[in-house]
Structures are given as structure tokens and as C-alpha cells.
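Secondary and tertiary structure notes
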Amino acid sequence: MSLDPIVARLRKIDICDLSDALDALGLTPAVTGIKPVSAGQPIAGRAITVKLMAGQAPAGVTRHLCTGAVELAGPDDVILIEQKTGLDAASWGGILSRAALKRQIAGTIIDGPARDIEESDRIGYCVYARSTTARTARGRIHEADFQIPISFGDGEVQPGDYVAADRSGCVIIPQARIEDVLTRAEAIMQKSDDMAAAVEAGHPVSKVMGGDYETMLNKK
């Protein structure tokens, strides 16, 4: 149960409708190539960001990557990780999933690889990632920082932006535009529901998807 009414609204909307709303408002639509790898239910919340970089952590840095983000986040949050080093090294694993589940974090989304997929799936913690690997982060990548702007997909994410994902894709919604996007997405969702009901009632699909369907996303 979300304590944030904005997150509660976000969690009721299909990712395709959110992507369409972003399109209609001239914002970046869904990020492609991000897929559920464990416990694949839809997730949504505020972004807690992590940036990972290639190489060993600087001397004196002992905190394991992503642990600060886990200890900061809660039920209305999603951990969003940038791992664009090109190295085959996991950004997330089973112990982190267990810790995140303990804090009731909504899930983790990675622009890069994850590992310990069977463990995360077994305990029911939801991870989305661009790929999977069994290779450890140790000696390969380290955390630059968390709760800073990160690159994700083709755009940039600020801490506190809104993020949602399901099996169709992942959307990032700028904090300043969340109300505009939700209002437009809710209208699109209602239109989609009406069309689905018409098809179920036996109306020809050519009629249902005619009329104003092609102009439904026109910018206003």
C-alpha cells in the first residue's frame, strides 16, 4: 500500500498508457530493452538513483555498491541503477534483493546486468534489467555515488523522478511533469478500456479502432 497518493495513482496505470501520455506531451516515451528478470510483477515509485563506474573503488571506500540506496529507500521507492560501463559485471545480486525486500522497496531497475536471478525470484523480489550475468562486480565496477543524476536509456533521471515498469517496458517521468502525465495517461487508459469493452461486446475492431483512435495522442 502506497503512502504517496501520486505513487498510488501511478501504480494503477499500464506502462503503454503512460508511454503514450509521455509521447502526447512531447516527453521521452518508454525505455526499450529493460525486462523483468525476477518476480515479474509491475512496479512503480520514486527513483532512488545509483551510478556505477568501471574499475576498483577509490582507496578507503568500503561501502558495497547499492547498499546506501537500499538503506535510504522504502515502499514508495524504486532503485534505479546506471551500469553503462560495457563491462559484463552485475550491478545487483541476491543479498541486495533480500535487504530491499526487508525494507519493502517496490523493486530495482537496472540499465545493465543483474545476477542471482534465481535467488531474487525465489524470495519474490522484483528486478528489471537490460541483461543478466553470473559475473561479480568485485574488481570490475564500483559505485560512483547514489542519489545523483544518472543516465538511463536515452535520457537523464533525477533523484525523486517517477519510474514505472512492467513486461512491456519502463517509463521515467520527470517530477515536475507527473501531474500532467498522470492526467493524460488516465484519460488514455479510460479510452483504451472503452475500446476493449466495445470489442468484447462484439463490435467490429475496424470500427472500434477507427474514428479518433489515430488522433488520440495528438499533442494539446
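Heads up: the structure comes first, above all this text.
Throughout what follows, the structure given in this document is the object of discussion. (Residues numbered from 1 in each chain as written. Predicted model: local features only at pLDDT ≥ 70, side-chain atom pairs only at ≥ 80, totals over all residues. Heavy atoms only, no water.)

1. Section: the packing of helix H2 (residues 15–24) against helix H6 (residues 178–200)
To keep things clear, this is the line we draw: Axis lines are fitted through C-alpha atoms, for helices just across the contact stretch, and the angle between N-to-C directions can take any value from 0 to 180 degrees. Runs of H or I in DSSP of at least four residues are treated as helices and runs of E of at least two as strands, each being numbered from the N terminus. Geometric relationships in this document are graded by angle, where less than 35 degrees denotes roughly parallel, more than 145 denotes roughly antiparallel, 65 to 115 denotes roughly perpendicular, and other angles denote oblique. In this scheme the handedness of a crossing depends on how the near helix is turned from the far one: anticlockwise by less than a right angle means left-handed, clockwise means right-handed. Contacts are assigned to residue pairs that have any heavy atoms within 4.5 Å of one another.
Interhelical geometry of H2 versus H6 gives an angle of 125° and a closest axis separation of 8 Å. Here H2 is positioned oblique relative to H6, judged by the angle of their axes. In the packing of H2 onto H6, the handedness of the crossing is right-handed. From H2, Asp17, Leu18, Asp20, Ala21, Leu22 and Ala24 reach across to H6, where they touch Val181, Leu182, Arg184, Ala185, Ile188, Met189 and Ser192.

2. Brief notes about the pairing of strand E3 (residues 77–82)
Note the following rule: Burial classification: accessible surface area is computed with a 1.4 Å probe over protein chains only, and a residue below 20% of its type maximum counts as buried, one above 50% as exposed, and the rest as partly exposed. By the criterion used throughout, a crossover qualifies as right-handed when its path from the first strand across the helix to the second strand runs clockwise, the strands pointing away from the viewer. Pairs of strands are assigned from DSSP output, requiring at least two bridges between the strands.
E3 sits mainly inside the fold: 6 of its 6 residues count as buried. Here E3 shows two buried faces, one formed by Asp77, Ile79 and Ile81 and the other by Val78, Leu80 and Glu82. With helix H3 (residues 67–72) bridging strand E2 (residues 43–54) and the parallel E3, this β-α-β connection has right-handed handedness. Where E3 and strand E4 (residues 107–114) come together, 5 bridges link them in parallel fashion.

3. Considering a nonpolar patch on the surface
Heads up, the rule is: Like charges are joined within 9 Å and nonpolar side chains (Val, Leu, Ile, Met, Phe, Trp, Tyr) within 5 Å, but only among residues with over 30% relative accessible area and no salt bridge; these make up the patches. Using a 1.4 Å probe, the Shrake-Rupley method yields the accessible areas, and only the shown protein chains count as cover for residues. For salt bridges, the criterion is a side-chain nitrogen of Lys or Arg within 4 Å of an Asp or Glu carboxyl oxygen.
On the surface, Val199, Val205 and Met209 cluster together into a nonpolar patch covering about 240 Å² of accessible area. Following the sequence through the fold, Met209 ends up in the segment after helix H7 (205–208). The class for Met209 is partly exposed, based on a relative accessible area of 39%.

4. Looking at the packing of aromatic side chains
The condition is simple: The rule is short: rings of Phe, Tyr and Trp, with Trp giving its six-membered ring, pair when the centres are within 6.5 Å, and they are stacked under 30 degrees, edge-to-face over 60, tilted in between.
For the coordinates displayed, the defined rule picks out 1 aromatic pair. Where Trp92 meets Tyr125, the ring centres are 6.1 Å apart and the plane angle is 20°; that geometry is what we call stacked. Within this pair, whereas Trp92 is found in the loop between E3 and helix H4 (94–102), its partner Tyr125 is found in the loop between helix H5 (117–123) and strand E5 (127–132), the two being separated by 33 residues in sequence. For the pair formed by Trp92 and Tyr125, the shared burial category is buried.

5. Some words on the nonpolar core
Put simply, the rule reads: Note on terminology: a nonpolar core comprises buried Ala, Val, Leu, Ile, Met, Phe, Trp, Tyr and Cys residues joined through side-chain atoms within 4.5 Å.
Counting residues in each nonpolar core, the largest one holds 23 residues, and the members touching the most others are Ile79, Ile81 and Trp92. Mapped onto this core, the elements with two or more residues apiece are E2, H3, E3, H4, E4 and E5. Per-element accounting of this core gives the leading share, 3 residues, to E2. With residues near it in sequence (within four places) discarded, Ile81 still touches Val50, Leu52, Cys66, Ser91, Trp92, Thr108, Ile109, Ile110, Asp111, Ile150 and Phe152.

6. Things to note about the side chain of Gln83
As a reminder of what qualifies: By the criterion applied in these results, polar contacts are pairs of N or O atoms within 3.5 Å in which, for protein atoms, one can donate a hydrogen and the other can accept it, and in which residues neighboring in sequence qualify only through two side-chain atoms.
Considering the arrangement of structural elements, one finds Gln83 in the loop between E3 and H4. Side chain to side chain, Gln83 and Thr85 meet in a polar contact 2.6 Å long. Among the polar contacts listed, one links the side chain of Gln83 to the backbone oxygen of Leu87, at a separation of 3.4 Å. The residues touching Gln83, leaving out its near neighbours within four places in the chain, are Leu52, Ala89, Ser91, Asp111, Gly112, Pro113 and Ile141.

7. A word on H2
For H2, the buried fraction is high: 7 of the 10 residues fall into the buried class. Buried positions along H2 lie against helix H1 (5–10), strand E9 (162–166), strand E10 (169–173) and H6. Capping the start of H2, Asp14 holds a side-chain oxygen 2.8 Å from the backbone nitrogen of Cys16, two or three residues further along. Trailing H2 by a residue or two, Gly26 shows a phi angle of about 75°, which is positive.

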